[in-house]
Amino acid sequence: MLQVQDLTVEVGGKNVVQGATFTVMARDKVGIVGRNGAGKTSMFKVLGGDNEPAAGKVTRSGMYGYLTQDPKNSAVDDGRTAITHILSGRSIDDDLVRLEKLRIAMEEEASERNVNRYSRAEEEFRMKGGYSADSEARSIAAGLGLKADRLDLQLKVLSGGERRRVELSRILFAGSDMLLLDEPTNHLDIDAKTWLLNFLRNYKGALLVISHDLDLLDEEITRVLHLDRPDEDDTGEVVEYRGTYSQYKRTRAEDEARLAKKAMMQAKEVARLQEVVDRFGAKATKAAMAHSIEKRIARIESEGVGPVRRDRKLTVKFPDPPQSGETVIRAHGLSKAYGGPAVFEDVAFDLGRGERLLVLGLNGAGKTSLLRILAGETTANLGHFEWGHNVCAGYFAQEHDLLDPHQSLLWHMRRELPSASTLTETQLRSLLGMFGLQGEKVFQDSGTLSGGEKTKLALAMLMVGRNNVLLLDEPTNNLDPASREAVANALETWKGSIIMVSHDTEFVQQLQPTKVLLMPDGQVDYFSNDWLELVSLA
């Protein structure tokens, strides 16, 4: 299926992976884990064939489907519909075009040659399951939460999350021997995630997956490949563990404790031997013994485990917000449509200084559309809203729409600087460093970042302006557990106002919203933990 030999992956002149060797066979279910920015997605791009390795060899056999973290496909530009793109997973779309051409040719000239050509093609199409393909494709798409009427629309009019689900549907429909999936549960509600987990549970091929979804890692994974790269300047190595993610966490903690104890004992022995050398090294009669002990020290240090280095822990703190008026926003009769029926109508709410509004609703209820209206990225068809006195709002977009893939991290930070800001480049780099984005990485284009790193960049950009209101659309997507905890801790104590969309129940519970806005109805209620069940469904 997949053989990896002595693999080295280079990004920005640094080896993020070196000397990796492993094999993935049929029915293997393998999870790749590691901190945000360790290089998991970069390694995945090499495994999936998007990039070439700096050294080593990757051998693939059989058909494989590769879901990138940010799918970009030419189908968006060629005008094809979502269902046509899904059918292309088995070339059903091309088969239908060919059949239609042969049918027209047969009707124009019913020669024996044309009739036979059409008959053969039609029989091949039938044997291939072509007549049931549309129904099967729509069933997979429905399982992943795509509404039937959205499948007949052109890809270019769908949201980024919908296009990603279409691409995942195409890959699953294709019936590959091996699946390489980078964060497959992103943008999925609880029903769609449950459907996908059941699909993967029954999948007979090999699975290689990057995910921070603990349900997926615990239920579907039987091996873990840990990309061990504690810091940006380190060279990563792949360490293999057997079992689920929870079993891996326990085993890794035991390994770290054992290595730490061994390193401590080793340091004590080196210190003891060095004391002997210091005591007797100056004596001519003991010089030979001291020299022998020095060799022994050198051997221990060269063969020893060295100090145990753990992934860097983030500590995030949002700047104190400037004082705003008592009411930060009032919205009246907001409605939004995209050329068809309204997504939502007559939505009205207000929010006070320091309050937090949770926007809830199922997929397609207009949650992201509402935040885009408030952020000024689009306009409402009807209704209006006004910000309160001295309000400055920062917007975190779920799809990272505000990031320019061809500009550096520092460029993005400079762009967010208010005209009167006195922040220096050193201070901007410190804000990025707070999220683990440091060193030469700050000069990289944002398009080279992993999904988790893009989330961190977008959050760091919110710190540059003098924001006292934050519009957050799924701010914990792509973050590893430690980073998610750091961001939640920072926002929990932040004194500004927040309007947020999230399906992360732990994050929502920690931030304790003041109010809930239920979309698309526009119902406003005070928050209680009773709403958390709906959060997981959203």
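The structure we're discussing is the one just above.
Quantities reported herein were computed from a predicted structural model and do not represent experimental measurements.

Chemist: Which residues make up the sheet that holds strand β13 (residues 382-387), and what values go with them?
Modeler: Within the open sheet, the three strands sit side by side as β11-β10-β13. Their pairing is antiparallel. Both edges of this open sheet fall to β11 (342-352) and β13, since each of them pairs with a single strand only. Between one strand axis and the next, the sheet turns by 10 degrees as a mean value, whatever way the strands run. The pairing of strand β10 (residues 327-337) with β13 spans five bridges and is classified as antiparallel. When the bridges of β13 are listed, His 332 appears paired with His 384. Against the sheet, helix α11 (residues 367-375) contacts β10, β11 and β13, and its axis sits at roughly 55 degrees relative to β11.

Chemist: An account of the nonpolar core is needed here, citing residue identities and associated values.
Modeler: Of all hydrophobic cores here, the largest spans 45 residues; its most connected members are Phe 318, Met 413, Leu 432, Leu 457 and Leu 491. Looking at this core, the element that brings in the most residues is helix α14 (residues 451-462), giving six residues. Not counting chain neighbours up to four residues away, the residues in contact with Leu 457 comprise Leu 403, Leu 409, His 412, Met 413, Leu 432, Leu 437, Ser 446 and Leu 449. Core analysis: the next-biggest nonpolar cluster, separate from the first, contains 42 residues, Val 33, Leu 67, Ile 92 and Ala 137 among them.

Chemist: Tell me about a positive patch on the surface, and please be specific about residues and values.
Modeler: There is a patch of like positive charges on the surface, built from Arg 98, Arg 113, Arg 117 and Arg 120. Of the residues forming the positive patch, the biggest block, three residues, is contributed by helix α4 (residues 112-127). Within the secondary structure layout, Arg 117 lies in helix α4.

Chemist: I'd like to hear about the packing of helix α5 (residues 130-143) against helix α6 (residues 160-174), residue by residue, with values.
Modeler: Relative to each other, α5 and α6 sit at 130 degrees, their axes nearing to 9 Å. By the angle class used here, α5 and α6 are oblique. In the crossing of α5 with α6, the sense of the turn from one axis to the other is right-handed. Taking contact as the criterion, the partners of Ala 133, Glu 136, Ala 137, Ile 140 and Ala 141 in α5 are, on α6, Ser 169, Leu 172 and Phe 173. In terms of residue class, the contact of α5 with α6 is built from six nonpolar, one polar and one charged.

Chemist: Please give an account of the pattern of salt bridges that cites residues and values.
Modeler: Scanning all chains against the criterion turns up 23 salt bridges. A salt bridge links Arg 223 to Asp 28, with the shortest nitrogen-to-oxygen separation between them at 3.0 Å. Here Arg 223, found in strand β8 (residues 223-228), pairs with Asp 28, found in the loop between β2 (14-24) and β3 (29-33); they are 195 residues apart in sequence, far enough to count as distant. Here Arg 223 and Asp 28 have matching classes, each one buried.

Chemist: So, unusual backbone geometry: which residues are in play, and what are the values?
Modeler: Excluding glycine, residues mostly have negative phi values, and the peptide bonds linking residues are mostly trans. Of note, the amide linkage connecting Met 519 to Pro 520 takes the cis form, showing an omega dihedral of 5 degrees. Tracing the backbone shows Pro 520 in the loop between β17 (515-518) and β18 (523-526).

Chemist: Give a description of empty space enclosed by the protein that names residues and reports values.
Modeler: Where empty space is left can be seen by rolling a probe of water-molecule size over the atoms. The tally for this structure, following the rule as stated, stands at one cavity of 30 Å³ or more. When its volume is computed, the largest cavity comes out at roughly 40 Å³. What lines the largest cavity is Phe 318, Pro 319, Leu 462, Met 463, Gly 465, Asn 467, Leu 470 and Trp 494. Split by residue class, the lining of the largest cavity holds six nonpolar, two polar and no charged.

Calculation notes
Residues numbered from 1 in each chain as written. Predicted model: local features only at pLDDT ≥ 70, side-chain atom pairs only at ≥ 80, totals over all residues. Heavy atoms only, no water. Pairing = 2+ DSSP bridges. Helix = DSSP H or I, 4+ residues; strand = E, 2+ residues; numbered from the N terminus. Axes fitted to C-alpha atoms, helices over the stretch in contact; angles between N-to-C directions. Contact = heavy atoms within 4.5 Å. Core = buried A, V, L, I, M, F, W, Y, C linked by side-chain atoms within 4.5 Å. Buried < 20%, exposed > 50% of the residue type's maximum accessible area, 1.4 Å probe, protein only. Patch = residues over 30% accessible without salt bridge, like charges linked within 9 Å, V, L, I, M, F, W, Y side chains within 5 Å. Areas by Shrake-Rupley, 256 points an atom, 1.4 Å probe, with all protein chains shown as cover. Salt bridge = Lys/Arg side-chain N within 4 Å of Asp/Glu carboxyl O. Lys, Arg positive; Asp, Glu negative; His and termini not counted. Charge placed at Lys NZ, Arg CZ, Asp CG, Glu CD. Parallel < 35°, antiparallel > 145°, perpendicular 65-115°, else oblique. Left-handed = near helix turned anticlockwise from the far one by under 90°. Nonpolar A, V, L, I, M, F, W, Y, C, P; charged D, E, K, R; others polar. 1 Å grid on protein atoms, 1.4 Å probe; cavity = no way out; pocket = protein on both sides within 12 Å on 5 of 7 lines; lining within 4 Å. Points joined across faces, edges and corners; volume = space filled by probe spheres on them.

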